[in-house]
Structures are given as C-alpha cells and as structure tokens.
Amino acid sequence: MTLVSGWGRFPVVDSDVLRPRSFAAVGEAVSAGTVARGSGRAYGDAGIGAVRTIAMTGFDRVRSFDPATGRIHLEAGVLLSDLIDTFGPRGFLPFVVPGTRFVSIGGAIAADVHGKNHHCEGGFGRYVDSLLLRTGQGDVIEASREQNADAFFATVGGMGLTGIILEATIRLRRIETGWIRERVISASDLDAAMRALEASNEATYSVAWIDCVARGRDLGRSLIYLGEHAGRDELTEGAAAFPVGRSSGLSVPIDLPSMALNRTSVRAFNELYYRMGARRAGGSHVVSLYPYFFPLDSIGDWNRIYGKRGFLQHQCVIPQAQARAVLGEILDRVARRGDASFLAVLKKLGQGDGILSFPLPGYTLALDFPVKGDILNFLDEIDRLVVDAGGRLYLAKDARQSRATFEAGYPALSRFKAIRKSLDPGGVIRSKLSQRLFDEV
Amino acid sequence: MTSRKSVLVLGGSSDIGRAAARAFAKAGYDVGLAGRDVAALEPDAADLRARYDVEVGLHQFDVLDTAAFDGFVAGLPALPDVVISIVGLLGLQQNAESDLVHATAIMRSNYEGPALILGLFAEKFLARGSGTLVGVSSVAGERGRASNYVYGSAKAGFSAFLSGLRARASRGGVHVVTVKPGFVRTKMTEGMKLIGPLTVEAPVVGDAILAAVENKTDVVYVSGKWRLVMLIIKALPEAVFKKLKF
C-alpha cells in the first residue's frame with residue numbers, strides 16, 4: 001500500500017499503485033476496486049483506486065500522426081505538455097487545453113477538461129474521434145460517436161469509471177504560430193466583469209481572474225484575458241514561430257507554513273496584480289502560448305504553497321440565468337470570510353459533451369482554500385447555493401462534496417450508472433471518488 | 001539514403017534508450033533501434049516516425065551473443081554517425097554472490113558485451129575518420145560497494161575501457177562519451193529506494209546524452225550532484241569505507 005493523494009494533497013489515502021508495462025499487464029492488474037491514474041492532476045480523489053491504482057504515464061507513445069488532417073493516434077499516458085512541445089513546432093496544438101499542460105490524454109478525456117475556449121469550441125471530448133477502452137468486464141472495445149456510442153459518451157467526462165482508457169485518436173488544431181494575441185480588460189466589479197465576458201463571446205479564448213479579497217463596491221473586480229492565435233505577420237521581426245516552453249526554474253521546494261498565505265499577503269499580492277494588469281489593459285500584445293494558457297505551470301509544485309495539509313479547489317458552474325446573483329453571493333461570502341483564495345477564476349462555459357461532463361451553459365468559478373478550520377462546513381453552505389441555482393461541481397477538482405450535492409447536480413447520473421453497469425457488471429472499476437459519490441454502500 | 005545524421009541505440013527498448021532515441025530524433029537524426037526483441041521495438045519506431053518524421057530502422061541485437069557482433073555491424077545498412085550503448089543488467093547482488101551464472105550474466109552484460117561492440121564500431125569509425133561512441137556506464141563503477149560490487153565492478157571495467165578508447169580514438173577524429181546517470185527512475189530501478197534529489201527521469205538522461213555528443217563532452221554526470229557525491233565516496237579511506245553498508 002502506498003499513500004496517494006491528488007494535486008490538492010487532500011485527502012491522502014492508501015492505495016496499491018501498480019505501473020504495468022504492457023496493455024496485457026494492465027488487464028492483469030485490474031482487480032476489484034481499480035481505477036487508472038494519469039498525471040495525478042485531479043485535485044481530489046478521482047485518480048485514486050478504491051483498492052488499486054494503475055499508473056498510466058508509462059504509456060506515452062504516439063502511434064500515428066497524419067499532418068494532412070491533424071489526426072493523431074496515441075497512448076493514453078501521453079501528456080499534453082509532450083504533445084504541445086512535439087507537435088507545436090510542426091504547427092499543431094490540441095483544440096482544448098486546461099490550465100495546466102501536465103495532464104495525460106486519458107485524464108483529459110476522463111475529466112472532459114475545458115479550456116479558455118469552452119464557450120465557443122467545447123471541451124476536450126469534442127475532439128476525440130475514438131478511444132480504446134479496457135472495461136471492468138475485461139473487454140477491450142473501440143468507442144466512438146458511431147460505435148459503442150454509449151460507452152464513448154460515458155467515458156468522456158466519466159472520471160475513469162467506465163474502464164481503463166488505453167489509447168485515443170484525437171484531432172489537433174492547425175496553428176500558424178505558438179503565440180497568442182492577448183488583450184487585457186480591467187473590470188471594476190462583478191457586473192463589469194460579466195458584461196466584458198458577454199461582450200467578448202466571439203473571442204476564441206477568454207477568462208477572468210477575480211480578486212477575491214476585494215469587498216463592497218470592488219466586489220468581483222477582475223482582469224479579463226482575451227486571446228486569439230497570432231499569425232506569422234503579427235510576430236516581431238526575427239521571433240521564432242514557436243516559443244520555447246521553459247519552466248521559470250522557480251519551484252516551491254518545501255511545504256510552506258500554512259500561515260504564509262494570509263489575508264494580508266494575499267491582499268497585497270492581489271492589489272499589486274490587479275494594478276499591474278489594469279495598467280496593461282486596453283491595448284493588445286503578443287505572448288507565448290505557455291504563460292497564456294498555463295500561468296501556474298512555470299512554478300513547480302505550486303500546490304505546496306498551501307502547506308502540508310493541502311488545499312481544496314471549489315469549482316462550480318452556475319446556469320446563465322442565475323449566474324450573476326449566485327456568483328455575487330458566493331464572492332461576498334468568500335470575501336467576508338477572509339479566507340485566502342489565491343486563485344479565483346471566472347469563465348463562461350457552453351454545453352458539455354459527455355454524460356457526466358461538468359460544463360453547462362453558464363459561468364464557472366474556481367476558488368482555492370487551504371484545508372483548515374471550518375472550511376468543509378463553509379463549502380457545504382456554498383454548495384447549497386450552487387444546487388439551488390441548478391449548478392454543479394467539477395469532479396476533477398472535488399474532494400469533499402456530498403452525495404446529495406452530486407446527485408442534484410448531475411441529473412444524467414442514472415443513465416451513466418446504467419452504462420457503467422453494462423460495461424462492468426461486477427463493479428470492478430472503482431475509485432475513492434466513486435466510493436464517496438456513486439457506489440452502493 | 002538521407003543526408004541526415006544517424007544514431008544507433010543499443011538497448012533501444014530500455015527507458016533510457018527510448019529517451020535517447022527521442023532526443024536524437026527530435027534533433028533531426030535518423031534512428032536505428034537495436035534490441036533482443038525486434039517486434040517489441042516496433043511501437044517505439046512508430047512513435048519516433050510519428051513525432052519527428054525521421055527514418056527508423058530496427059535491428060536484432062543480443063549483447064551476450066558476442067559471436068554475432070561482427071555480423072551485426074556488417075549487416076547494418078549504413079555505418080551510423082553515433083552509436084550509444086545503453087545495455088546493462090542490474091541483477092541481484094545477493095544472488096550474484098553465490099550464483100556464478102547470474103554473476104557472469106551481470107559481468108558480461110555490463111562490461112564484456114558493451115565494450116566489445118563499441119570497440120568494433122570504434123575500428124569502423126577510425127577507418128572512416130569520424131563518429132561518436134557513447135557508453136552508458138554508472139557511478140556504481142567508481143568504487144565497489146558492499147551492496148552492488150558485481151554490477152559495480154563490471155561498470156568499472158566498462159568505464160576504464162571507454163577511457164582508454166577515448167584517448168586512443170581522439171587522435172583519429174572519433175569521440176567517446178562516458179555517461180554516468182546516477183539514479184534514474186526506470187523499469188530497472190522500479191521498486192528500489194531512490195534518493196529524490198539525486199534521481200532524474202529518463203528524458204533528462206536522453207537530453208544529456210544528446211548534449212554530450214553535440215558538445216563533445218568526455219564524461220557526463222547527468223546530475224552534477226553526483227560528481228560531488230562520488231568525490232566524497234572515493235575520498236573515504238578504505239578503513240572507513242569497508243564499514244559502510246551501502
């Protein structure tokens with residue numbers, strides 16, 4: 001047994017971690033209570049097997065690539081970072097990238113991850129043509145929109161609970177350069193931020209960073225980052241068409257004491273960040289895709305900043321009609337509570353593709369909290385607001401929601417369960433997350 | 001025939017072999033992968049072709065079958081620019097202490113085979129007047145330790161062979177690189193207790209090998225910390241060293 005946790009480092013639980021070297025060995029490794037784990041970037045307990053965890057990152061081969069169509073067939077353990085570094089310079093990029101590039105293809109499918117373009121281009125699953133799934137029953141099946149469609153739509157967003165994703169064929173986007181034309185808009189409060197996001201519906205990429213410490217008339221003040229792929233003619237003379245994806249060399253080498261992030265330090269940081277951003281607001285400039293899409297990737301092990309006890313990310317989505325009122329209420333409670341939320345991100349989402357996919361048309365808000373005090377009770381109260389508004393929580397980030405919250409948020413759950421049952425009548429594939437939220441007890 | 005440079009990786013299915021092949025293919029080299037089981041190398045060949053649009057050839061090679069070495073070298077479609085030997089066998093020290101067959105396999109896999117095959121390529125390279133040979137040896141070869149001296153002594157022999165070959169071949173336009181990776185997270189070391197700050201991932205070793213070839217480095221410690229660690233270990237008086245259990 002090994003102690004395992006997700007990116008949030010909460011909870012830390014026992015699971016038997018195996019690293020098979022062949023698909024045959026994967027099959028042999030599956031036993032009661034198994035789930036696959038990719039890069040371990042799910043925050044909570046999604047990537048931890050109830051009993052056994054199969055580490056998939058060793059399966060990192062590209063099987064074939066067709067530059068004419070951008071179609072790529074690969075093993076599920078390939079990381080998006082690898083894909084970007086390898087195929088970016090050849091003029092191809094995944095259609096959808098989440099806020100970190102260190103996720104595996106299998107994980108990106110299982111969480112149906114979304115990026116800054118979800119409002120117009122959908123989630124990762126939309127660009128998956130087919131996948132190879134090893135079901136709990138022991139079959140290896142090809143699933144696509146045409147073939148085994150139920151298994152396909154249950155696997156996209158299905159948190160690995162339909163079986164082990166072994167391979168996938170996905171489509172890549174043709175890019176002229178690896179640079180993004182970024183435009184920053186400063187918004188003095190939540191209304192202004194949402195207006196700005198609505199007004200930029202046509203932008204390929206959009207996301208808002210919210211200052212969660214600001215209160216009163218500053219509540220919800222934000223910087224909105226819009227982005228478009230830059231063409232060759234937009235680059236400065238002599239710039240490489242594709243930037244080098246280097247880490248800053250910065251990393252968090254130790255667990256910071258949990259007091260390092262406190263109201264004062266976060267307030268100071270946010271104030272500075274907002275003012276610097278606001279100064280840049282208005283004009284547009286060209287930035288490398290790496291800092292644009294993955295601002296936190298440049299700081300290694302940033303999850304340690306919240307200290308040894310770990311942190312929770314609360315990411316909800318609120319349907320469009322209720323979004324303004326409910327987000328205002330949540331932000332007000334967070335600001336009044338004064339708990340440091342270093343990162344708060346607001347983003348517009350469109351329709352999800354998988355049966356259990358997180359996105360629905362509306363606004364998603366992601367907040368980080370260190371694990372301490374009565375945070376679990378506080379988040380339960382926030383969950384009630386989310387549920388009452390017809391919203392839901394993102395399973396890839398979740399470590400603590402209740403069954404009631406989950407069931408209210410995902411009305412297609414019964415359909416998912418039926419498909420899962422047909423693929424895995426013995427209930428072999430189970431994670432800590434499924435034990436917490438799905439499985440009969 | 002392409003005009004691109006080419007690399008031959010002996011031990012192509014190992015994690016470091018795969019990483020080295022990727023690093024060289026990314027830099028534009030055509031790649032030959034050699035290993036015992038050619039069919040098992042096919043997915044890696046496909047991976048290199050898909051990623052980097054290079055030519056990849058597969059070759060059957062068994063480091064213990066020294067009688068076949070001449071034929072192996074003669075049978076290659078072209079003499080590569082770079083040959084990298086990553087083959088090796090960690091084995092189990094405890095078994096090797098009493099099982100002569102196992103001890104012999106460790107000695108031959110880490111010393112005899114790699115040295116002989118690189119020696120053969122050296123002759124071809126010297127005749128041509130160019131080429132680079134890379135031997136992946138080990139920090140374990142710098143001082144025999146109680147816990148792995150069978151493996152360590154074979155690596156010591158290999159390091160000495162490379163050192164001598166380098167001195168001789170440098171006059172003929174041929175460069176020899178000795179790589180001492182330290183701890184690497186691979187199939188070979190799975191289950192071993194590795195010391196985090198001294199441990200690297202296989203791709204780091206692959207990149208280091210490419211850099212050493214391009215920069216004509218003689219001896220590479222993949223992590224600079226190992227140079228220091230081994231300096232200390234080598235400096236310990238034997239009376240102290242023999243009391244250590246590691």
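Residues numbered from 1 in each chain as written. Chains lettered and ligands numbered in written order. Predicted model: local features only at pLDDT ≥ 70, side-chain atom pairs only at ≥ 80, totals over all residues.

A.B. asks: I'd like a description of the sheet that holds strand S1 (residues 2–4) of chain A, backed by residues and values.
C.D. replies: Residue and element names in this part refer to chain A. The mixed open sheet is built from four strands, whose spatial order is S1-S2-S4-S3. Two strands in the sheet have a free side with no partner beyond their single neighbour: S1 and strand S3 (34–37). On average, each strand axis in the sheet is inclined to that of its neighbour by 50°, with strand direction left out of account. Here four bridges tie S3 to strand S4 (residues 52–55), and the two strands are oriented parallel to one another. In the sheet register, Thr 34 faces S4, and the bridge partner there is Arg 52. (Pairing = 2+ DSSP bridges. Helix = DSSP H or I, 4+ residues; strand = E, 2+ residues; numbered from the N terminus. Axes fitted to C-alpha atoms, helices over the stretch in contact; angles between N-to-C directions.)

A.B. asks: Let's hear about the sheet that holds strand S2 (residues 30–35) of chain B: which residues, and what values?
C.D. replies: All names here are of chain B. Read from one edge of the open sheet, seven strands run S3-S2-S1-S4-S5-S6-S9, paired in parallel fashion. Either end of the sheet is taken by a strand with one partner, and the two such strands are strand S3 (56–60) and strand S9 (219–221). Strand after strand, the sheet turns through a mean of 15° between neighbouring axes, direction not considered. Here strand S1 (residues 6–10) pairs with S2 via five bridges, running parallel. When the bridges of S2 are listed, Val 7 appears paired with Val 31. With respect to the sheet, helix H6 (residues 149–169) is in contact with strand S5 (131–136) and strand S6 (174–180), its orientation differing from that of S6 by roughly 155°. (Contact = placed C-beta atoms within 7 Å.)

A.B. asks: Please provide a residue-by-residue account of the packing of helix H1 (residues 15–26) of chain B against helix H7 (residues 202–215) of chain B, values included.
C.D. replies: All names here are of chain B. Taken N-terminus to C-terminus, the directions of H1 and H7 make an angle of 50°; their axes are 7 Å apart at the nearest point. Overall, the two elements H1 and H7 adopt an arrangement that is oblique. Note that H1 runs across H7; the crossing there is right-handed. Facing H1, whose interface residues are Asp 15, Ile 16, Ala 19, Ala 20, Arg 22, Ala 23 and Phe 24, H7 presents Ala 202, Pro 203, Val 205, Gly 206, Asp 207, Ile 209 and Leu 210. Classifying every residue of the contact of H1 with H7 gives 10 nonpolar, one polar and three charged. (Parallel < 35°, antiparallel > 145°, perpendicular 65-115°, else oblique. Left-handed = near helix turned anticlockwise from the far one by under 90°. Nonpolar A, V, L, I, M, F, W, Y, C, P; charged D, E, K, R; others polar.)

A.B. asks: Give a detailed account of the nonpolar core, specifying residues and quantitative values.
C.D. replies: By size, the foremost hydrophobic cluster in this structure holds 125 residues, and its most contacted members are Ile 109 and Ile 165 of chain A. Not counting chain neighbours up to four residues away, the residues in contact with Ile 165 of chain A comprise Ala 36, Ala 76, Gly 106, Ile 109, Ala 110, Leu 131, Leu 133 and Thr 155 of chain A. Judged by nonpolar contacts, the second largest core, of 64 residues, contains Val 31, Tyr 52, Val 82 and Ala 122 of chain B. (Core = buried A, V, L, I, M, F, W, Y, C linked by C-beta atoms within 7 Å. Buried ≥ 20, exposed ≤ 12 C-beta atoms within 10 Å, placed from the backbone.)

A.B. asks: Which residues make up the environment of Asp 353 of chain A, and what values go with them?
C.D. replies: All names here are of chain A. Position of Asp 353 among the secondary structure elements: in the loop between strand S18 (344–349) and strand S19 (362–370). Taking the C-beta count within 10 Å as the criterion, Asp 353 has 20 such neighbours and is therefore assigned buried. Taking the C-alpha atoms as reference points, Asp 353 and Leu 376, separated by 23 residues in sequence, lie 30 Å from one another. The contact partners of Asp 353, leaving out residues within four places of it in the chain, are Asp 112, Gly 122, Gly 123, Gly 125, Arg 126 and Val 156.

A.B. asks: An account of the pairing of strand S2 (residues 13–18) of chain A is needed here, citing residue identities and associated values.
C.D. replies: Residues and elements named next belong to chain A. Relative to S2, S1 runs antiparallel, the two being bridged by three bridges. Bridge pairing links Leu 3 to Asp 14 in S2. Bridge count between S2 and S4: three bridges; the pairing is parallel. Counterpart to Leu 18 in the pairing with S4 is Ile 54.

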